[in-house]
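# Close look at the chain arrangement
Read off the chains here:
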Amino acid sequence: MQKRSRKWIAWAMLFVMVLGLLTVSGKEVKAGYSADTQETDDGWVYKKDTVAEKIYISGYNGNDTEIVIPSEIEGWPVTTIESICRSSQPGQEEEDYRRHADATSVSIPNSVTRIGSMAFYHCEGLTQITIPNGVVEIESDAFTGCKGLRQVTIPGSVKTIDGGAFANCENLAEITIPEGVETIGAYAFLECKNLEKVEISSTVTKIGMDSDVNFTDYEGSAFWECDKLSQIIVSEDNTAYTSLDGCLYDKNMTTLFACPNTKISLDVPEGVTRIGDGAFSENENLKEVQLPSTLKAIGDCAFWVCRCLEEIHLPESLESIGRDAFTECYSLKEFFIPKNVKTIGNSSTGAFGDHQIKSFSVDAENAWFTSENGALYSKDMKTLYAWPAQDHTKQVSAFIPDTVEEIRPCAFYGRSDLASIWIPQSVATLDVGEVFNDFSDRVIVFYDPEYTELQNNKGHWTFKPYSGEMNPFTDVRKNKFYSGAVLWAYHNDPQITTGTSDTTFSPLENCNRAQVVTFLWRLAGSPEPTTTKNPFTDVKRKDYFYKAVLWAVENNITTGTGKTTFSPKNACTRADFVTFLWRACGSPAPTDDYNPFVDVSKKKYYANAVLWARERGITTGTDDSHFSPKSNVNRAQTVTFLFRARGFFEKHEEK
């Protein structure tokens, strides 16, 4: 599964809570119940309830593939199958002893009334199973991972099918929930990849909830990731639920709980006020949804991983959007928030997560949110909620406005398309683990440690401190391709350039050969040259670039313009500078022969340097088909090339 770790963590936490509550409520051990286990000669591990004179099966250490569970032991009836997992043996890994993966059949006696949690966990060879009449409860994960299971007969005596009971039963194609069943737990049929149809009887009153835990609107979770599911059919006599076009609704048709994963489009009927949590989750076929004018809420993970959803129009009536509601909806490029939306995500998770939305926009009459340059903010611009996706080829930088005091969780989730992020001094604390969840270490985050404290910084992210005014240059606007690179060069340690004055950088001014070699030398840490031999008559010891030139010569970065001249004051061409940069990175060969530039011949000395720089994203040329090698490189281009190449340069320096 791709990039879904946060959702699975959330679901796992909920599931652990369910299991914990089930353990302590409704399952109290009666007086006389013995926790001591015994084992029969044929490998059945069991416990005894000496008051009720009943047997609880807790394991099976035998090797039979056609498993027949005894109906009694020591003359007492077997009423509960807690587990048929093997007992742990010294030196055995968990998978060695927990599973009976090779079991082809299991016979459950009529004496059994309860099938316990993980009872048949990963019995992958089972193809069918008949649950005897008399079983009242199928507990959580009872048949999880029984991937070969094709047919299950559930009797009317069963009242509860707990959470995850049939999760990951990949070959289960159809399930009928009989009269008598009242509760279907959360994730009960999760990842039943071949499940095509579910029929729900009139007695079911809780779906996606467990008897001891009151989840809200998780009905859809019972059927998440059922890729072939096309129909959920509810009995007309059911008082809690109904179905329309194969979708699951509450009886009054005010909440849509689940839409089958095979749906390509859906018109949600008028009268529906809520899209339930995870209602469309993991539907990678869905392209179009028409939402009703009555809709007020979109629940958590409602459209999670709907990767084909290209457009969605939110009605004016909408008031809230839940956490991760549109995470991994990669086909959504624009997102408009109507005027009545009051909440987006929650305090721990945003609504959009990993996305490719290039522009967020907000109705001007909305009193809670606004947008600027495609980013989503609170109305007062003090809170940043989401940053838009960028063009990967441009490697732009994100400058957060200095009005912002809080950056919400996952605001930059997956934004590896950025070159750098600049945190203003107005942000007092930055929860790194939440804000930059699933963040690329290729992106540099700049912050002023005197004003901003990093919290929860346990990841692989790259942070660089700066001090003083973030941007002292009046001629460097923050929306330019070079703006982040200029400030990086200014704040870098050692400093690569100070600008042409205290307040100007002069980005369009040409760089001469002395300047570009000095910039490279400073990026290397201003090392002392190992030789004092100077072949150039136009490079003097008193010159600021003296050591830089000697260093460049001894590292084969430049040989000068002649045997005794370096020509420091000559303007540097784009071809020369990219060649210098390429040599400083170890002269790596380009990985392919693709050359989009008509003005770069393979015979030129700079050909490999240009092709390497193109495929590494250091340059995209002056247009799609030209590199303009003879044009002079200006200060903006110079620092941008350096910034983009810094990683390759550093790796070469470490060798």
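The following refers to the structure shown. (Residues numbered from 1 in each chain as written. Predicted model: local features only at pLDDT ≥ 70, side-chain atom pairs only at ≥ 80, totals over all residues. Heavy atoms only, no water.)

## Some points on the overall build of the protein chain
Worth spelling out the cut-off: Secondary structure elements follow DSSP: runs of H or I of four or more residues count as helices, runs of E of two or more count as strands, with numbering from the N terminus. The reference for a compact globule is 2.2 Å times residues^0.38; the radius of gyration itself is calculated from the C-alpha atoms. Three labels apply to residues, based on accessible area from a 1.4 Å probe with only protein chains included: buried if under 20% of the type maximum, exposed if over 50%, partly exposed otherwise in between.
Scanning the protein chain from terminus to terminus reveals 9 helices and 38 strands. A globule of 655 residues ought to have a C-alpha radius of gyration of about 26 Å, yet the protein chain, at 33 Å, is considerably larger. Projected onto the principal axes, the alpha-carbon positions of the protein chain cover approximately 105 × 65 × 50 Å. Expressed as a percentage of its 655 residues, the buried residues of the protein chain come to 55%.

## A few points about the nonpolar core
Heads up, the rule is: Definition of nonpolar core: a set of buried residues of the types Ala, Val, Leu, Ile, Met, Phe, Trp, Tyr and Cys, connected through side-chain atoms within 4.5 Å.
Counting residues in each nonpolar core, the largest one holds 64 residues, and the members touching the most others are Leu520 and Leu642. Membership of the second largest hydrophobic core comes to 59 residues, among which are Ala119, Val152, Ala165 and Val198.

## Re the pattern of salt bridges
As a working rule, side chains carrying opposite charge can pair if their charged atoms are close by. What counts is decided by this rule: Every case where a carboxyl oxygen of Asp or Glu lies within 4 Å of a side-chain nitrogen of Lys or Arg is listed as a salt bridge.
All chains considered together, the criterion is met by 19 salt bridges. With a shortest N-O distance of 3.9 Å, Glu406 and Arg408 are connected by a salt bridge.

## A look at the pairing of strand 31 (residues 383-386)
In the case of a regular strand, side chains alternate between the two sheet surfaces. To keep things clear, this is the line we draw: Two strands make a pair as long as DSSP finds a minimum of two bridges between them.
Pairing of strand 30 (residues 375-378) with strand 31 involves 2 bridges; the strand directions are antiparallel. Within strand 31, the position partnered with Tyr377 by the bridge is Leu384. Adjacent in sequence and paired antiparallel, strand 30 and strand 31 are bridged by 4 residues, among which Met381 carries a positive phi angle near 60°. Here strand 31 runs beside strand 33 (residues 406-407); their pairing, made up of 2 bridges, is parallel. Bridging from a neighbouring strand, Leu384 pairs with Ile407 of strand 33.

## With respect to a negative patch on the surface
Our working definition: Exposure above 30% relative accessible area and the lack of any salt bridge qualify a residue for a patch; like charges then connect within 9 Å, and the nonpolar side chains Val, Leu, Ile, Met, Phe, Trp and Tyr within 5 Å. Each accessible area is a Shrake-Rupley estimate made with a 1.4 Å probe; only the visible protein chains count as cover when residues are assessed. A residue counts as positive if it is Lys or Arg and as negative if it is Asp or Glu; His and the chain ends are not included. By convention, charge coordinates are those of NZ in Lys, CZ in Arg, CG in Asp, or CD in Glu.
Where like charges cluster on the molecular surface, the negative patch consists of Asp245, Asp267, Glu288, Glu310, Glu311 and Glu334. For Glu311, the location among the structural elements is in the loop between strand 24 (297-298) and strand 25 (320-321).

## Here's the deal with the sheet that holds strand 17 (residues 231-234)
Let me state the cut-off plainly: Angular values range over 0 to 180 degrees, each being the angle between N-to-C directions of two axes fitted as lines to C-alpha atoms, with helices fitted over their stretch in contact.
Judged by pairing direction, the sheet is parallel, and its 3 strands sit side by side in the order 13-15-17 without closing on themselves. Pairing within the sheet leaves two strands with one partner each, and these edge strands are strand 13 (174-177) and strand 17. Between one strand axis and the next, the sheet turns through 10° on average, direction left out of account. As judged from the 4 bridges shared by strand 13 and strand 15 (residues 197-200), these two strands associate in the parallel manner. What sits directly across from Ile177, in strand 15, is Ile200.

## Points about empty space enclosed by the protein
The line we're drawing: Any residue with an atom within 4 Å of a point lines the site, the site being either a cavity, points on a 1 Å grid over the protein atoms alone where a 1.4 Å probe fits but cannot get out, or a pocket, an open set with protein on both sides within 12 Å along at least 5 of 7 lines. Grid points are joined across faces, edges and corners, and a volume is the space filled by probe spheres set on the points. Under the scheme applied here, ten amino acids are nonpolar (Ala, Val, Leu, Ile, Met, Phe, Trp, Tyr, Cys and Pro), four are charged (Asp, Glu, Lys and Arg), and all others, including Gly, are polar.
Within the structure shown, the criterion is met by 3 cavities of 30 Å³ or more. Put simply, the largest cavity is a space of about 60 Å³. Forming the walls of the largest cavity are 13 residues, and the residues nearest its centre are Phe223, Ala258, Cys259, Asn261 and Ala279. In terms of residue class, the lining of the largest cavity is built from 8 nonpolar, 4 polar and 1 charged.

## Focus: the packing of aromatic side chains
As a reminder, the rule being used: Two rings belonging to Phe, Tyr or Trp (six-membered ring only in the last case) form a pair when the distance between their centres is within 6.5 Å. Interplanar angles under 30 degrees mark stacking, angles over 60 mark edge-to-face geometry, and anything in between is tilted.
Enumeration over the complete set of coordinates arrives at 31 aromatic pairs. When the centroid spacing of 5.6 Å and the interplanar angle of 5° are considered together, the rings of Phe166 and Phe189 count as stacked. Note that Phe166 is positioned in the loop between strand 12 (160-161) and strand 13 and Phe189 in the loop between strand 14 (183-184) and strand 15, a separation of 23 residues in sequence. Judged by its relative accessible area of 0%, Phe166 falls in the buried class.

## A few points about the sheet that holds strand 31
Reading across the sheet, the 4 strands line up as 29-30-31-33 and stay open at both edges, with mixed pairing between neighbours. In the strand order of this sheet, the two ends are held by strand 29 (369-372) and strand 33, each with one partner. Examined bridge by bridge, strand 29 and strand 30 share 4 bridges and lie antiparallel to one another. Within strand 30, the residue paired with Phe369 across the bridge is Ser378.

## Some words on the environment of Leu581
Relative to the helices and strands, Leu581 is located in helix 7 (residues 574-584). What makes Leu581 buried here is its relative accessible area of 1%. Separated by 61 residues in the primary sequence, Leu581 and Leu642 place their C-alpha atoms 7.7 Å from one another.

## Here's the deal with unusual backbone geometry
Peptide bonds are trans in most cases, and residues, glycine excluded, mostly fall at negative phi. The omega angle of the peptide bond from Asp493 to Pro494 is 5°, so this bond is cis rather than trans. Mapped onto the elements, Pro494 comes out in the loop between helix 4 (483-491) and helix 5 (513-523). Of note, Glu191 is a non-glycine position whose phi angle comes to about 60°, a positive value. For Glu191, the position within the fold is in the loop between strand 14 and strand 15. The backbone of Asn556 sits at a positive phi, close to 60°, despite the residue not being glycine. Along the chain, Asn556 turns up in the loop between helix 6 (546-554) and helix 7.

## Describing the packing of helix 7 against helix 8 (residues 607-615)
Convention followed: Geometric relationships in this document are graded by angle, where less than 35 degrees denotes roughly parallel, more than 145 denotes roughly antiparallel, 65 to 115 denotes roughly perpendicular, and other angles denote oblique. Note on definitions: a residue-residue contact is assigned when non-hydrogen atoms from the two residues lie within 4.5 Å.
Between helix 7 and helix 8, the shortest axis-to-axis distance is 9 Å and the interhelical angle comes to 75°. When the axis of helix 7 is compared with that of helix 8, the two are roughly perpendicular. For the pair helix 7 and helix 8, contact is made by Val578, Thr579 and Trp582 and by Asn608, Ala609, Val610, Trp612 and Ala613, respectively. Its residues placed into classes, the contact of helix 7 with helix 8 shows 6 nonpolar, 2 polar and no charged.

## Examining the packing of helix 5 against helix 6
With their axes 8 Å apart at the nearest point, helix 5 and helix 6 run at an angle of 80° to one another. Considering their axes alone, helix 5 and helix 6 lie roughly perpendicular with respect to each other. Contacts between helix 5 and helix 6 involve Val517, Thr518, Leu520 and Trp521 on the former and, on the latter, Lys547, Ala548, Val549, Trp551 and Ala552.

## Topic: the side chain of Gln390
Position of Gln390 relative to the elements: it lies in the loop between strand 31 and strand 32 (397-399). If near-sequence neighbours (up to four positions away) are discounted, Gln390 is found in contact with Lys358, Val396, Asp417 and Leu418.

## Observations concerning helix 7
Among the 11 residues that make up helix 7, 10 are buried, leaving the element largely enclosed by the rest of the structure. Along helix 7, the positions that sit buried rather than exposed are Arg574, Ala575, Asp576, Phe577, Val578, Thr579, Phe580, Leu581, Trp582 and Ala584. Trailing helix 7 by a residue or two, Gly586 shows a phi angle of about 100°, which is positive.

## Digging into helix 6
Every buried residue of helix 6 is accounted for by Tyr546, Ala548, Val549, Leu550, Trp551 and Ala552. Where helix 6 terminates, the next one or two residues include Asn556, which has phi positive at roughly 60°.

## Some thoughts on the state of the cysteines
Among covalent bonds in proteins, the disulfide is the one between the sulfur atoms of two cysteines. Convention followed: Any pair of cysteine sulfurs within 2.5 Å is marked as a disulfide.
Applying the stated criterion across every chain, the model contains 0 disulfides. Of all cysteine sulfurs, the one in Cys192 lies closest to Cys169, which takes part in no disulfide; the gap is 5.1 Å. Distance from the sulfur of Cys329, which forms no disulfide, to the nearest cysteine sulfur (Cys306) is 5.2 Å. Relative accessible area serves as the criterion here: at 1%, Cys329 is assigned to the buried category.

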